[in-house]
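Chain and residue survey
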2 protein chains.
Amino acid sequence: MSETWTLNPAEILPPKDFQAAAAASGIKTSGLDLALLYSTRPSRGAAVFTTNAVKAAPVVLSQRHLLESRGTLQAMIINSGNANACTGEPGMLAAQAMAEATAGTLAVPVEQVLVCSTGVIGVPLPADRITARLDDLKRGLSPGEIGAAARAILTTDTRPKVCTADASIGGRPVRIAGMTKGAGMIHPQMATTLAFVLTDASIGPALLREALEQACRRSYNRISVDGDTSTNDTLAIMANGGSGIPTIEPNSPARDWFVEGLTRVCQSLAQQVVRDGEGASKFVTIRVTGAPSEEDAAQIARSIANSPLVKTALAGEDANWGRIICAAGYSGVPFDSSRVSISLGDLVVCREGGAVRFEESRASEILRQRDIDLTVQLHAGSSDATFWTCDLTTEYIHINADYRT
Amino acid sequence: MSETWTLNPAEILPPKDFQAAAAASGIKTSGLDLALLYSTRPSRGAAVFTTNAVKAAPVVLSQRHLLESRGTLQAMIINSGNANACTGEPGMLAAQAMAEATAGTLAVPVEQVLVCSTGVIGVPLPADRITARLDDLKRGLSPGEIGAAARAILTTDTRPKVCTADASIGGRPVRIAGMTKGAGMIHPQMATTLAFVLTDASIGPALLREALEQACRRSYNRISVDGDTSTNDTLAIMANGGSGIPTIEPNSPARDWFVEGLTRVCQSLAQQVVRDGEGASKFVTIRVTGAPSEEDAAQIARSIANSPLVKTALAGEDANWGRIICAAGYSGVPFDSSRVSISLGDLVVCREGGAVRFEESRASEILRQRDIDLTVQLHAGSSDATFWTCDLTTEYIHINADYRT
């Protein structure tokens, strides 16, 4: 094995000294709805949470735990089928009950337990159904159950979303394994995006957090199905050092190497969320280049990705570049539109901010594909950013309008 | 007639000393596509333009004219069927040709002519078709043609959108008359929202501009079909003093009276745009109350109005308050979600940030109506704001996805 990361986006394999278990607690009417992720040795942890002002109880509790434990995390308990959001004081008590039962059963400090929930909003969470299953979960813990755990966190997803990255450093194999859920940023009942990453790399808590934030910025913060930010979004990581590699130091080549692997795993997971986007028929990669800064490029790409006008044109396989330049224009980033070029795949459809003659048949051929690359060149600098989104179809409306009625 | 404004949202009647004309220039394949609005006496003028970084040529030219004329405006020339946006230097020359021909024909200074275009983006504007019709337009000028002008500015609209407000001050009648176009903020080919208001009130240019901005803030800046801001949006006014009332002074009761009338006309026009929103089946009034400031309330209301999740729930007649509080939460305005109440009509569906028992049948009855009132009470202050939007339906997708193909 080489230092280069090898990605396997079809499978999740356990890093060293991690175990998992899954169960059906009855919170969902059927199927697995409870996942436990556990490091058999003390482990570092970090997480990135939703920026929504309305935060679900498990988000508030997990933020507090990570502060109290100073970035030490040995277990994650996750339920699907109920978001435990907008549930008031009883919701907070339910989240605490989940954490305490997990901590007691595994004999770890309660602040080293991360709690996550996903599913319907505003409905009391029956925590007793979860706590009643913890002994079973503990008995079921095994490295081989990590795939079952990845299935247990799903809600309206049509398939599990996983990724494993392998590499070696100094002759020792290191693994980063991730699972995520979400059929878009939004779901029929405001279920949410969650992602859990496990690694046997050795890394301190501050550096782990920084690495996670950096990976998140170029993966989960670069996708959108419709721009709705949920109350429960969580991306969490445990790093337990089981690989036996030397602890990764700040400003070292090993640090860049780890961030690269983590970013690639998170990008794969985030892209799988977009590909499973509600009603999506297209997977669209938006690349903004020639920008003054990466932030500017990302902001323009985000504005294009969230435009219903652009998304419906893509669904209709319409080479409507006017909608793309217009959405770039209201992004809040100033630029000179008379310098802008726009391409679909390798076909230039706009140059110097104006129309270019192109063959409609060639455009149709490109837009008929499931994967579409859209490039906006600003000619205003040397920075770029990539963003992933899907189209907006009538199926999306059906899924979201007809859910309860 | 009293000082109280009487609104007539079904008809546009000319204020004193204004004339209009309309023509079919052939820019559209059929029908009226050219409108001329003219004050027979010197007139003040003001306008609010799109904030999009990509501005159409007529927007750039009109902004320049209003600066050069120091808020004097005697004519407006408007074409539909072509937005003259992303058309480069030839586009600017076409806008100038429109202005110069209008100025020459009417014998007014060119900087006192406002130019507007709306329709397809990125296609050269054949200005000669417009300039060739100016003599006819001049001959056709008449107060009675204002209704024809209101029809000539339409693109994909299903009906004209007009409003007339009448009142009297000091025994003299004053009229504010407005026309607008737009079947949403966005259109199949990036056509745009335009609005033109004429009044015979007497008011100085600085105060007129301030009054227009104030009215716009509570009308056009409080509507959304899908959050796309176009390249051509323009709201413009001419005030010619034809009523003979004393000039309205700053900080006077007359000033507040004028702003009220203008705001009500602009709100009526803006609401008519939402009611004609592409694919819309619901007209939704979102009221956010108990906010620390009006700006905060408006920002939260805007976030709710733009949420695809909320809009599809409304299309599906689903009392899904979790989506509403979630959209409020990611508005960027911090608030305590445990104090929030949400009502549909007079039915409370969320209290103290959590679920309330309500009769689904009562909720269904409210949501089956075409007009729906949605109130979010923050219990965090004494300011409020109202916002108008429509639902998001499969018909919207059909209109926007299937336009060219």
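Residues numbered from 1 in each chain as written. Chains lettered and ligands numbered in written order. Predicted model: local features only at pLDDT ≥ 70, side-chain atom pairs only at ≥ 80, totals over all residues. Heavy atoms only, no water.

All names here are of chain A. Of all 9 residues that make up strand β7 (residues 161-169), 9 are buried, and the element is covered over most of its length. What you see with β7 is no split at all: K161, C163, A165, A167 and I169 on one side and V162, T164, D166 and S168 on the other are buried throughout. As defined by bridge partners, β7 adjoins strand β8 (residues 172-181) across 9 bridges and the pair is classed as antiparallel. If you follow C163 over to β8, its bridge partner there is G178. Linking β7 to β8, which pair antiparallel, is a turn of 2 residues; within it G170 sits at a positive phi near 55°. (Buried < 20%, exposed > 50% of the residue type's maximum accessible area, 1.4 Å probe, protein only. Helix = DSSP H or I, 4+ residues; strand = E, 2+ residues; numbered from the N terminus. Pairing = 2+ DSSP bridges.)

Ranked by size, the top nonpolar core spans 70 residues in total, and within it A:L37, A:L114, A:M179 and A:F196 carry the most contacts. Not counting residues within four places of it along the chain, the set of residues in contact with A:L114 comprises A:A47, A:F49, A:S62, A:L66, A:L73, A:A75, A:M76, A:I77, A:F196 and A:A236. If you look at the next biggest cluster of nonpolar residues, it comprises 69 residues, including A:I304, A:V349, B:C86 and B:V162. (Core = buried A, V, L, I, M, F, W, Y, C linked by side-chain atoms within 4.5 Å. Contact = heavy atoms within 4.5 Å.)

With that out of the way, let us pick up the pairing of strand β8 (residues 172-181) of chain B. Residues and elements named next belong to chain B. The buried fraction of β8 amounts to 7 of the 10 residues, a majority that puts the element mostly inside the structure. With 6 bridges joining them, β8 and strand β9 (residues 194-199) adopt antiparallel strand pairing. Residue pairing for β9: M179 is matched across the bridge by F196.

All names here are of chain A. Strand order in this open sheet of 6 strands is β1-β7-β8-β9-β11-β4, and the pairing throughout is mixed. The open sheet is flanked by β1 (6-8) and β4 (44-49), the only strands paired with a single partner. Recorded for the sheet is a direction-independent mean angle of 15° between the axes of neighbouring strands. Direction of pairing for strand β9 (residues 194-199) relative to strand β11 (residues 234-239): parallel, over a ladder of 6 bridges. Opposite T199, over in β11, you have A239 as the bridge partner. Running over the sheet, helix α1 (residues 57-68) touches β4 and β11 and is turned about 140° from β4. Lying on the sheet, helix α7 (residues 253-275) is in contact with β1, β7, β8, β9 and β11; it crosses β7 at an angle near 165°. (Axes fitted to C-alpha atoms, helices over the stretch in contact; angles between N-to-C directions.)

A separate point is the packing of helix α6 (residues 205-217) of chain B against helix α7 (residues 253-275) of chain B. A pair of packed helices can be characterised by two numbers: the angle between their axes and the separation between those axes. Residues and elements named next belong to chain B. Where α6 contacts α7, the two axes come as close as 9 Å, and the packing angle between them is 45°. Judged on the interaxial angle alone, α7 and α6 are oblique. Along this stretch, α6 crosses α7, giving a crossing that reads as right-handed. Contacts from L207, L208, E210, A211, L212, Q214 and A215 in α6 reach R255, F258, V259, L262, T263 and C266 in α7. Tallied by class, the residues present in the contact of α6 with α7 amount to 9 nonpolar, 2 polar and 2 charged. (Parallel < 35°, antiparallel > 145°, perpendicular 65-115°, else oblique. Left-handed = near helix turned anticlockwise from the far one by under 90°. Nonpolar A, V, L, I, M, F, W, Y, C, P; charged D, E, K, R; others polar.)

Residue and element names in this part refer to chain B. Secondary-structure assignment places E317 in the loop between α9 (308-315) and α10 (321-329). Classification of E317 as partly exposed rests on a relative accessible area of 28%. In the structure, E317 is positioned 59 residues away from V376 in sequence and 18 Å away in space, judged by C-alpha atoms. At a separation of 2.8 Å, a polar atom in the side chain of E317 contacts the side chain of K282. (Polar contact = N/O pair within 3.5 Å; in protein donor to acceptor, adjacent residues only side chain to side chain.)

Let us look at the sheet that holds strand β1 (residues 6-8) of chain B. Residues and elements named next belong to chain B. Read across the sheet, 6 strands follow the order β1-β7-β8-β9-β11-β4 without closing on themselves; strand pairing throughout is mixed. Both edges of this open sheet fall to β1 and β4 (44-49), since each of them pairs with a single strand only. Mean inter-strand twist for the sheet, computed between neighbouring axes without regard to direction, equals 15°. Here β4 runs beside strand β11 (residues 234-239); their pairing, made up of 6 bridges, is antiparallel. The partner of G45 across the bridge, within β11, is M238. Against the sheet, helix α1 (residues 57-68) touches β4 and β11, its axis set at about 140° to β4. Packing against the sheet, α7 makes contact with β1, β7 (161-169), β8, β9 and β11, and its axis sits at approximately 165° to β7.

Let us now look at unusual backbone geometry. All names here are of chain A. Not every positive phi belongs to a glycine, and D17 is a case in point at roughly 65°. With respect to the helices, strands and loops of the structure, D17 is situated in the loop between β1 and β2 (18-23). Given a relative accessible area of 30%, D17 falls into the partly exposed group.

All chains considered together, the criterion is met by 34 salt bridges over all chains. For the salt bridge of B:R133 with B:D136, the shortest nitrogen-to-oxygen distance reads 3.2 Å. Using a relative accessible area of 24% as the deciding quantity, one classes B:R133 as partly exposed. For B:D136, a relative accessible area of 33% gives the class partly exposed. Here B:E213 makes a salt bridge to B:R209, at a shortest N to O gap of 2.8 Å. Taken together, the residues B:E213 and B:R209, both in helix α6 and 4 residues apart, mark about one turn of the helix. Assessed through its relative accessible area of 32%, B:E213 is described here as partly exposed. Among the charged side chains, a network of salt bridges with common partners joins A:D157, A:R159, A:K161 and A:D276. (Salt bridge = Lys/Arg side-chain N within 4 Å of Asp/Glu carboxyl O.)

Here we come to the side chain of B:T386. Relative to the helices and strands, B:T386 resides in strand β17 (residues 383-390). Filtering out sequence-adjacent residues up to four positions away, B:T386 remains in contact with B:R222, B:T285, B:I286 and B:R287.

Another point: the confidence of the model for chain A. Residues and elements named next belong to chain A. In this model, chain A carries an average pLDDT of 90, and 95% of its residues clear a pLDDT of 70 or more. Within the model, the stretch residues 185-191 combines pLDDT values under 50 with 50 contacts to residues more than four positions away or in other chains. Of the two predicted TM-score estimates for the complex, the pTM is 0.83 and the ipTM is 0.80. (pLDDT = per-residue confidence, 0-100.)

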